Amino acid sequence: MADTPVIDRIRVYTKGFGSDRHSWSALMPLMVNTDTITRVSLSDGSEGMGAVCSCVEHGVDLAIAHGIRPLLPGLLGQGVSDIHGLWEWMTWRKPYIGNPSIAAIDIALWDLAARRAGQPLYQYLGGTRDRIQSYASIPVLENHDANIRLINRLAAEGVTLFKFHYECQADADIGLIEAIDDAFGGSGIGFMFDAECAYSPDDALRVATAAEKAGFLWLEAPMPDRNLADYAALKSRTGVPVLPAGITIADEADIANALQTDAWSAIRCDTASSGGITPMRRIASLAESHGMKFELQSWGSSLSTAANFHLTLATPHSSYFEVPVPRQDFDIPGVTRLHVDDAGDALAPAGHGLGLDVNWDELEAGADLIFDTSA
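Criteria and cut-off values
- Residues numbered from 1 in each chain as written.
- Predicted model: local features only at pLDDT ≥ 70, side-chain atom pairs only at ≥ 80, totals over all residues.
- Heavy atoms only, no water.
- Salt bridge = Lys/Arg side-chain N within 4 Å of Asp/Glu carboxyl O.
- Helix = DSSP H or I, 4+ residues; strand = E, 2+ residues; numbered from the N terminus.
- Buried < 20%, exposed > 50% of the residue type's maximum accessible area, 1.4 Å probe, protein only.
- Polar contact = N/O pair within 3.5 Å; in protein donor to acceptor, adjacent residues only side chain to side chain.
- Contact = heavy atoms within 4.5 Å.
- Pairing = 2+ DSSP bridges.
- Axes fitted to C-alpha atoms, helices over the stretch in contact; angles between N-to-C directions.
- Core = buried A, V, L, I, M, F, W, Y, C linked by side-chain atoms within 4.5 Å.
- 1 Å grid on protein atoms, 1.4 Å probe; cavity = no way out; pocket = protein on both sides within 12 Å on 5 of 7 lines; lining within 4 Å.
- Points joined across faces, edges and corners; volume = space filled by probe spheres on them.
- Nonpolar A, V, L, I, M, F, W, Y, C, P; charged D, E, K, R; others polar.
- Phe/Tyr/Trp six-rings, centres within 6.5 Å; stacked < 30°, edge-to-face > 60°.

Help me understand the pattern of salt bridges, please; the structure alone is not making it clear to me.
Opposite charge on two side chains permits them to pair, given that their charged atoms come into close proximity. Enumeration according to the criterion identifies 21 salt bridges in this entry. Among the ionic pairs, Glu220 bridges to Arg268, the shortest N-O distance being 3.0 Å. Of this pair, Glu220 sits in strand S7 (residues 218-220) while Arg268 sits in the loop between strand S9 (266-267) and helix H11 (271-274); the two residues are 48 residues apart in sequence, bridging distant segments of the chain. Judged by its relative accessible area of 2%, Arg268 falls in the buried class. Overlapping salt bridges bring together Lys163, Asp194, Glu220, Arg268 and Glu322 as one network.

As structure tokens, then:
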């Protein structure tokens, strides 16, 4: 009998990307996007890759890669048949090893498993659909007209859903919501608004009222996620769905506790902040058991959003997929884009696993940091 293949090499790369810096609220400085990318190789020559995105104010974020580094000696020599067991082993290193570092490895293991099975990851996770409606996630722009111009340009390319970020101040944000409604109400274009956790309860209700009147699909992060009583009160007083930011309450147990308060209209979280595909599958089941939508946050390049995309495809109670724009500012040289067609649908890549083509020589040549650890 052939020897069971084991992990014999792990490479970790960090890559800052984007020609322009962006912000998602008036409270946030312009940020640099960084992908932390893992490449896990087995002794039989098979490989898997994973990636997570982070955003920091000054320069490239090296923290996630340095968080992965202490895990590498313990992973080398391990078999990969029990991904859950490896995830459990990594989580015992929390809180000193953070969820994004764990997620970057966990995603690579799932990618590897799907590749070895000869399936796209969404199929390996039990999904059947190969496309989902996308929405353009717009960074803070300077005024109403700039937002309207961008919507018109992207709508001409087939985009039908948009999410805004603006000043995170109730009067200004209501002004933008009303301007968007005046310009596009009745057009068939859909909208969401993300307030980046900035409002008081009273202001959250004012903005929710404006969003409901304009027919917005949801109001995201009107207050800090942990203000569960305030969320529950808001949810009871508005007809617009109210979603959390999905970053500070991200672990499965914390989400389960939050659901007891009936604070949110849907669960929102991210593979990186929740610690990988392994816990996200259980969180998706938790949403289903509560009759709730599961709407994934998805920010970064095609590579760092690919795991969220496959999870979205594999989860019937996920409605949309988030695509940050302008898209050219979220490209990494050497990595293919996820494809969005002229009807606004994000389409599953044709390949196995995550399905993206990566030119590793090009990516390595532009990397800001590389760890290469072998058995």
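Would you mind going over the side chain of His317 with me for this structure?
Summarising the element assignment, His317 is placed in the loop between helix H13 (302-314) and strand S11 (321-324). In this structure the side chain of His317 is engaged in a polar contact, spanning 2.8 Å, whose partner is the backbone oxygen of Ala284. Discounting residues that sit within four places of it in the chain, His317 has contacts with Ala284, Ala287, Glu288, Met292, Lys293, Phe294 and Glu295.

What am I meant to see in the sheet that holds strand S1 (residues 7-22) here?
In any sheet, the strands associate via hydrogen bonds between backbone groups, in a parallel or an antiparallel arrangement. If you walk across this open sheet you meet the 4 strands as S3-S2-S1-S14, and the pairing is antiparallel. Taken across any chain shown, the strands that pair with only one partner, and hence form the sheet edges, are strand S3 (47-56) and strand S14 (369-374). Neighbour-to-neighbour, the strand axes of this sheet turn through a mean angle of 15 degrees, independent of strand direction. Judged from the 6 bridges that link them, S1 and S14 form a sheet pairing that is antiparallel. Looking at S14, one finds that Tyr13 is bridged to Ile370. Along the sheet, H13 contacts strand S2 (31-42) and S3; its crossing angle with S3, the most-contacted strand, is approximately 110 degrees.

Honestly, the nonpolar core in this entry has me stumped. Any pointers?
It is characteristic of soluble globular proteins that their nonpolar side chains tend to be buried jointly. Formed by 125 residues in total, the largest nonpolar core has its most connected members in Phe162 and Phe193. Listed in part, the 7 residues of the second largest apolar core include Met192, Leu243, Ala266 and Tyr320.

What should I look at first to understand the layout of surface pockets in this one?
Sizing a probe to match a water molecule and rolling it over the atoms shows the empty space that remains. For the largest pocket, the calculated volume is near 720 Å³. Cys55, Ile247, Asp270, Gln297 and Trp299 are the residues nearest the centre of the largest pocket, which is lined by 36 residues in total. Listing elements by their share of the lining of the largest pocket, those giving two or more residues are S3, helix H4 (99-117), strand S5 (161-165), H11 and H13. Per-element tally for the lining of the largest pocket: the top contributor is S3, with 5 residues. In this structure, the second largest pocket spans a volume of roughly 260 Å³. Broken down by secondary-structure element, the contributors of at least two residues to the lining of the second largest pocket are strand S4 (131-137) and helix H6 (144-156). When grouped by side-chain class, the residues that make up the lining of the second largest pocket number 9 nonpolar, 4 polar and 5 charged.

Looking at this structure, I do not really get the packing of aromatic side chains. What am I missing?
The geometry of an aromatic ring pair comes down to the distance between the two centres and the angle between the two planes. According to the stated counting rule, one finds 11 aromatic pairs in the structure shown. With a centroid separation of 5.8 Å and an interplanar angle of 90 degrees, the aromatic rings of Tyr135 and Trp218 are classed as edge-to-face. In this pair, Tyr135 sits in strand S4 while Trp218 sits in strand S7, placing the two residues 83 residues apart along the sequence. With a relative accessible area of 4%, Trp218 lands in the buried category. Consider the rings of Phe162 and Phe191, whose centres lie 6.0 Å apart with planes at 25 degrees: the pair is stacked.

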